[in-house]
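Architecture and fold: a report
Okay, here's what each chain looks like letter by letter:
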Amino acid sequence: MATPNDYIKLLNLLDKAEHLANDFHGCYSGQFLSAEEFHKALSESISKLKQGDKTQLNQIHIWFLPTSCWDDFIGKDGQDLANQITELLSKLKNHNET
């Protein structure tokens, strides 16, 4: 079961992820043409989530799943962070869907 602390922890981890994503350039994934484009979308989605838009949970979750956008751009440098984010997102998504 998700707690309010889980949401706060998620936002803190997403802030770390956004900062890390800012350090990567180039490349591409199935959804984005560059790491810069991904960083911009991630930053905007995090901002919307902070403003209370819980619909962002689904999109962010997809981006952090194994072999998805996060892995394409960040790779091993962000694997532990992605695992923590994915775990929290799974809990929070399930909580919001009930």
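Computed from a prediction, not measured in an experiment: that's the story for all the values here. (Residues numbered from 1 in each chain as written. Predicted model: local features only at pLDDT ≥ 70, side-chain atom pairs only at ≥ 80, totals over all residues. Heavy atoms only, no water.)

1. Description of the packing of aromatic side chains
Summed over all chains, the structure comprises six aromatic pairs. Residues Phe32 and Phe38 carry aromatic rings whose centres are separated by 5.4 Å and whose planes lie at 70° to one another, so their mutual orientation is edge-to-face. Like Phe38, Phe32 is buried. Residues Phe32 and Trp63 carry aromatic rings whose centres are separated by 5.7 Å and whose planes lie at 65° to one another, so their mutual orientation is edge-to-face. Note that Phe32 is positioned in the loop between helix H1 (4–22) and helix H2 (35–50) and Trp63 in helix H3 (residues 56–64), a separation of 31 residues in sequence. No difference in accessibility class separates Phe32 from Trp63, as the two residues are buried. (Phe/Tyr/Trp six-rings, centres within 6.5 Å; stacked < 30°, edge-to-face > 60°. Buried < 20%, exposed > 50% of the residue type's maximum accessible area, 1.4 Å probe, protein only. Helix = DSSP H or I, 4+ residues; strand = E, 2+ residues; numbered from the N terminus.)

2. Let's talk about the nonpolar core
Ranked by internal contacts, the top residues of the largest apolar core, which has 29 residues, are Leu10, Phe38, Trp63, Phe64, Trp70 and Ile85. Looking at this core, the elements that each hand over two or more residues are H1, H2, H3, helix H4 (69–73) and helix H5 (79–97). With seven residues, H1 is the largest single contributor of residues to this core. Setting aside chain neighbours within four positions, we find Leu10 in contact with Leu49, Leu57, Ile85, Leu88, Leu89 and Leu92. (Core = buried A, V, L, I, M, F, W, Y, C linked by side-chain atoms within 4.5 Å. Contact = heavy atoms within 4.5 Å.)

3. Quick word on the confidence of the model for the protein
Of all residues in the protein, 96% attain a pLDDT of 70 or more, and the chain-wide mean is 89. Within the protein, H5 has the poorest average pLDDT of any element, 86, and H2 the best, 95. (pLDDT = per-residue confidence, 0-100.)

4. So, the packing of H1 against H2
Between H1 and H2, the least distance of the axes is 10 Å, while the angle of their chain directions is 160°. Relative to H2, the element H1 is oriented roughly antiparallel. Between H1 and H2 lies a crossing of left-handed hand. Facing Tyr7, Leu10, Leu11, Leu14, Asp15, Ala17, Glu18, Ala21 and Asn22 of H1, the residues of H2 in contact are Phe38, His39, Leu42, Ser43, Ile46, Leu49 and Lys50. Here the residues of the contact of H1 with H2 sort into ten nonpolar, three polar and three charged. (Axes fitted to C-alpha atoms, helices over the stretch in contact; angles between N-to-C directions. Parallel < 35°, antiparallel > 145°, perpendicular 65-115°, else oblique. Left-handed = near helix turned anticlockwise from the far one by under 90°. Nonpolar A, V, L, I, M, F, W, Y, C, P; charged D, E, K, R; others polar.)

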